[in-house]
Amino acid sequence: MLIVTDLSVRLGRRTILSNLFFSAQPGQVTAVVGPSGAGKSTLLAALTGDLDHDGAVTLNGRDIARTSAAELSDIRAVLPQATPMSFPFTVLEVIRMGRMRRSMDDRIALHALTRVGLGGFEGRFYQELSGGEQQRVQLARVLVQVWQPTGPAGSRWLFLDEPVSSLDIGHQLQVMQIVRDFATSGGGVVMVMHDLNLTAMCADNVILLSDGQILSQGMPVDTLCDDLLSQAYGCRIAVNCAPETGVYLLPQVAGL
Amino acid sequence: MQLDCAAPMADQTADGMTIDGDRSVTARRLSWVLIVVLSVVVLTGLATGSAGTSLWQALIDMAQGQDLSLRDRVVLLDIRAPRVIMGCFVGAALAVSGAVLQGLFRNPLADPGIVGVSAGASLGAVGAIVLGGTLTVAAGLVTWLVPIAAFLGAWITTMLLYRVATRRGRTSVATMLLAGIALTALAMALTGILVYVADDAQLRDFTFWSMGSLAGSSWSKIIVAAPLILIPLMLSPFLALGLNGLALGEAAAGHIGIRVQHLKTCAILVVAASTGAAVAVSGGIGFVGIVVPHLLRLASGPDHKYLLVNSALLGAALLVLADLISRMIIAPSELPIGIVTAVIGAPFFLWILLRQRGIVDL
């Protein structure tokens, strides 16, 4: 279980996050949504131990500020928004990095690559792939790191920063399926999302951030409602309303 | 999601079969090739020289139980052997320093010359040449003075760099590069002042030293340089996994379990010690640190597990070869080795830059 108690983050003199309290359960997908600049990525960085913060973050009962990088790497993996790399690594070499502290059977790497829809890409150069393909290679690396959703130290966790932001709708659905499956198998997922439709479809628990504070948290049906969303995003939002004319499409009725 | 580790995919990874994208076999083969190349170059270095002493003849004589003539003994054991060994040390130290720094900065163009480590080492060495002359030091200590001053210069520069660029236990690569530029300028200015106050003899010493040369190699210099070069070289393989992870970025390296700050501290010490010693004994030998790792990345990929070892081997072979060229091309006179590496290295470096900008694609 992830428990966040009175979390505040300051960068210089600016307060980015102030006094957040929430928890996330293993077996569930927790999505963090909110307008740009609300502090979503900062929150994820604090949860993964990248930023100094006030307050406490505990993962599976351990205070992350006092847990070594090695121990944390056994229980959680983190997917950044984008990962530019400066040396010509092959896709296989990048995925192996997910398991560099333990020996790994390359079959897991190939399996993970197939999972993200890039079977046969293991010999390609990472730098030559498109942004969306790079993002999926990194997802495969992250999956390999926490391959078993549960382990001796309890549930394992995925922390994902906008995992579908550079993907087309087909691959967005594929990634959401991977995320759901990970949670169903007992792992925990915390992800920052921009796409509210996909969030509504995939998340069990939604945290709506606005100006560094939690505006609302709970099930999608409770948090993704007209007033809260309109207030957070500063525009008029109406959920479950179909336009009278024009074309629209929803991921909810798309299938893999 | 099928999360079973033993998923049946054995057909793709049957024993002995290489998976596409796995270059470890190529890199290991390359290590063996480089060992052979280095051996050949070292033997050629021992066998060749302007004195005309033949290594083979000497070996045959020794095999037949004859003693070497004094002249042959001096040429082979006191002139060529220390010079070839020093060439191996310096080449390996410069190439590995380059590879480690490039891994640390995640930039294939990083080099001890860029972040100010070489400039700091030079300042130390020049300080020892110029100020050392005014001190009354025992003759035996003079050999030690320049390398130790250069190591101290490199170390102090690196420490300053680290202090400036590190905030609350985190090092910013951008700040470190900027600070490196400032420190290089400062060290060069101070070196300039020292050169200005130097007398003619010191100026001559400095000029030859700064062009880079292995001509003054001796067993006593090797004894001074050996620990400063060999200890970091032997420690560098322990940095390999960490440097690989660092290619993902500092945060991501931490997420896969690497102690990033610890890694950076060790990498900086390795670079300071080996660069300081190499600069002290050989002066300004440029481009080995950039060219060698780059060539190896093209040949067998950027995996530091192999890159560091192969850099040491290729760096050693290249420098012994460059030294051979420098002492044979205008024999019995000598060209400074720094000129040879610069003449080969500088055009290569420009080619790398052009290729990266996509102007030429060779």
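Residues numbered from 1 in each chain as written. Chains lettered and ligands numbered in written order. Predicted model: local features only at pLDDT ≥ 70, side-chain atom pairs only at ≥ 80, totals over all residues. Heavy atoms only, no water.

(A) View of the state of the cysteines. All names here are of chain A. According to the stated counting rule, one finds 0 disulfides over all chains in the structure shown. The cysteine C202 is free of any disulfide, with C225 supplying the nearest cysteine sulfur at 20 Å. Overall, the relative accessible area of 2% leaves C202 in the buried class. Free of any disulfide, C225 has its nearest cysteine sulfur in C241, 13 Å distant. Under the relative-accessibility criterion, C225 is labelled partly exposed at 23%. (Disulfide = S-S within 2.5 Å. Buried < 20%, exposed > 50% of the residue type's maximum accessible area, 1.4 Å probe, protein only.)

(B) Summary view of the packing of aromatic side chains. All names here are of chain A. In this structure the tally under the stated criterion is 1 aromatic pair over all chains. The interplanar angle of 25 degrees and the centroid separation of 6.4 Å between the aromatic rings of W157 and F159 together place this pair among those described as stacked. Classification of F159 by relative accessible area gives buried; the value is 0%. The ring of F121 carries the charged tip of R124 above its face, separated from the ring centre by 4.6 Å. (Phe/Tyr/Trp six-rings, centres within 6.5 Å; stacked < 30°, edge-to-face > 60°. Lys NZ or Arg CZ within 6 Å of the ring centre and 35° of its normal.)

(C) Molecular detail of the interface of chain B and chain A. Listed per partner, the contact involves 37 residues of chain B and 45 residues of chain A. E93(A) is the salt-bridge partner of R23(B), the closest N and O atoms lying 2.6 Å from each other. Inspection of the region where chain B meets chain A yields 8 residue pairs in polar contact (both at pLDDT 80 or more). Secondary structure elements with two or more residues in the side of chain B that touches chain A: α3 (70-105), α9 (240-246) and α10 (250-255) of chain B. No other element matches the 4 residues that α10(B) contributes to the side of chain B that touches chain A. For the side of chain B that touches chain A, a count of residues per class yields 16 nonpolar, 12 polar and 9 charged. (Contact = heavy atoms within 4.5 Å. Salt bridge = Lys/Arg side-chain N within 4 Å of Asp/Glu carboxyl O. Polar contact = N/O pair within 3.5 Å; in protein donor to acceptor, adjacent residues only side chain to side chain. Helix = DSSP H or I, 4+ residues; strand = E, 2+ residues; numbered from the N terminus. Nonpolar A, V, L, I, M, F, W, Y, C, P; charged D, E, K, R; others polar.)

(D) Structural view of the sheet that holds strand β4 (residues 54-59) of chain A. Residue and element names in this part refer to chain A. Overall, antiparallel pairing links the 4 strands, which are arranged β2-β1-β4-β5 in an open sheet. Lying at the two open borders of the sheet, with one neighbouring strand each, are β2 (14-24) and β5 (62-63). Inspection of the sheet shows strand β1 (residues 2-11) paired to β4 by 5 bridges, in the antiparallel sense. By the bridge assignment, L2 is partnered in β4 with L59. (Pairing = 2+ DSSP bridges.)

(E) Here's a closer look at the confidence of the model for chain B. Taken as a whole, chain B shows an average pLDDT of 80; of its residues, 86% reach a score of 70 or greater. Here residues 1-15 of chain B scores under 50 on pLDDT; set against residues more than four positions off or in separate chains, the count is 26 contacts. (pLDDT = per-residue confidence, 0-100.)

(F) Looking closely at the nonpolar core. Counting 152 residues, the largest nonpolar core has L158(A), V189(A), M191(A) and V90(B) as the members making the most contacts within it. Sort the elements by how many residues they give to this core and α3(B) lands first, with 17 residues. Other than its neighbours up to four places away in sequence, L158(A) contacts A77(A), V142(A), L143(A), V146(A), F182(A), G188(A), V189(A) and V190(A). Core analysis: the next-biggest nonpolar cluster, separate from the first, contains 27 residues, V4(A), L17(A), V57(A) and V192(A) among them. (Core = buried A, V, L, I, M, F, W, Y, C linked by side-chain atoms within 4.5 Å.)

(G) Molecular detail of the sheet that holds strand β6 (residues 76-79) of chain A. Residue and element names in this part refer to chain A. With mixed pairing, 6 strands are arranged side by side in an open sheet as β6-β9-β10-β3-β11-β12. Looking at which strands have only one partner, the edges of the open sheet turn out to be β6 and β12 (213-218). Strand-to-strand twist in this sheet, taken as the mean axis angle between neighbours without regard to direction, amounts to 15 degrees. Alignment of strand β9 (residues 157-161) against strand β10 (residues 188-192), held across 5 bridges, turns out to be parallel. When the sheet's bridge partners are listed, L158 is paired in β10 with V189. (Axes fitted to C-alpha atoms, helices over the stretch in contact; angles between N-to-C directions.)

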